[in-house]
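One letter stands for each residue in the lines below.
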Amino acid sequence: MLRGARALPAALGSTLTRITLALSLSLSLSLSLSLSLSPSLTLTLTLTLTRTLTLTLTLTVGMHAATNTHVARFYHAPSRRKNRTEWEPDVAYFTRQFRGYPERLRNMVRVRVRARVS
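(A) Examining helix α1 (residues 63-73) more closely. Residues of α1 that are buried include every one of Ala-65, Asn-68 and Ala-72, and no others. In an axial view of α1, the angular spread of the buried residues amounts to 65°, which keeps them on one side of the axis.

Below is the structure:
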């Protein structure tokens, strides 16, 4: 079940998106034991164990940071005039976007998993 995808407050120019997925799984185990003590008396014991496992996955993605990293990585196009055969990064652009803002890189992708048995 997708519980929510919403934009969080901007953190120093970085828009964050949080996606939370919740999964609930119910497990039931029954054990039955019957004893015949005499033709007219039967003792039956039934044990039922029910547990629910809830797994919550929260994925936080800083979209601006991810986009700026991708742009910086593939900034300079191949060019015969400049003797480039492949896309090349722009280190100066990356430095301008992230120097002094370590939280932008930390918030780029954060995954939190919680499991609870009840």
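(B) Structural context of helix α2 (residues 91-98). Among the residues of α2, the N-terminal cap falls to Asp-90, whose side-chain oxygen and the backbone nitrogen of Ala-92 are separated by 3.2 Å. Two residues or fewer after α2 comes Gly-100, characterised by a positive phi angle close to 85°.

(C) Inspection of the packing of α1 against α2 at higher detail. Contact pair α1 / α2: the axes reach a minimum separation of 8 Å and the direction vectors enclose 160°. In terms of their interaxial angle, α1 and α2 are classed as roughly antiparallel. The interaxial crossing formed by α1 with α2 has left-handed handedness. Packed against α1, whose contacting residues are Ala-65, Asn-68, Thr-69, Val-71 and Ala-72, the element α2 presents Tyr-93, Phe-94, Gln-97 and Phe-98 at the interface. When grouped by side-chain class, the residues that make up the contact of α1 with α2 number six nonpolar, three polar and no charged.

(D) The packing of aromatic side chains, seen in detail. Summed over the entire model, instances satisfying the criterion amount to two aromatic pairs. With a centroid separation of 5.7 Å and an interplanar angle of 25°, the aromatic rings of Tyr-75 and Tyr-93 are classed as stacked. With Tyr-75 in the loop between α1 and α2 and Tyr-93 in helix α2, this residue pair connects regions lying 18 residues apart in the sequence. Given the relative accessible area of 39%, Tyr-75 is considered partly exposed. Aromatic pair Phe-94 and Phe-98: ring centres 4.8 Å apart, planes at 40°, arrangement tilted. With Phe-94 and Phe-98 both in helix α2 and four residues apart, this pair spans about one turn of that helix.

The rules behind each value
- Residues numbered from 1 in each chain as written.
- Predicted model: local features only at pLDDT ≥ 70, side-chain atom pairs only at ≥ 80, totals over all residues.
- Heavy atoms only, no water.
- Buried < 20%, exposed > 50% of the residue type's maximum accessible area, 1.4 Å probe, protein only.
- Helix = DSSP H or I, 4+ residues; strand = E, 2+ residues; numbered from the N terminus.
- Arc of directions from axis to C-beta.
- Polar contact = N/O pair within 3.5 Å; in protein donor to acceptor, adjacent residues only side chain to side chain.
- Axes fitted to C-alpha atoms, helices over the stretch in contact; angles between N-to-C directions.
- Parallel < 35°, antiparallel > 145°, perpendicular 65-115°, else oblique.
- Left-handed = near helix turned anticlockwise from the far one by under 90°.
- Contact = heavy atoms within 4.5 Å.
- Nonpolar A, V, L, I, M, F, W, Y, C, P; charged D, E, K, R; others polar.
- Phe/Tyr/Trp six-rings, centres within 6.5 Å; stacked < 30°, edge-to-face > 60°.

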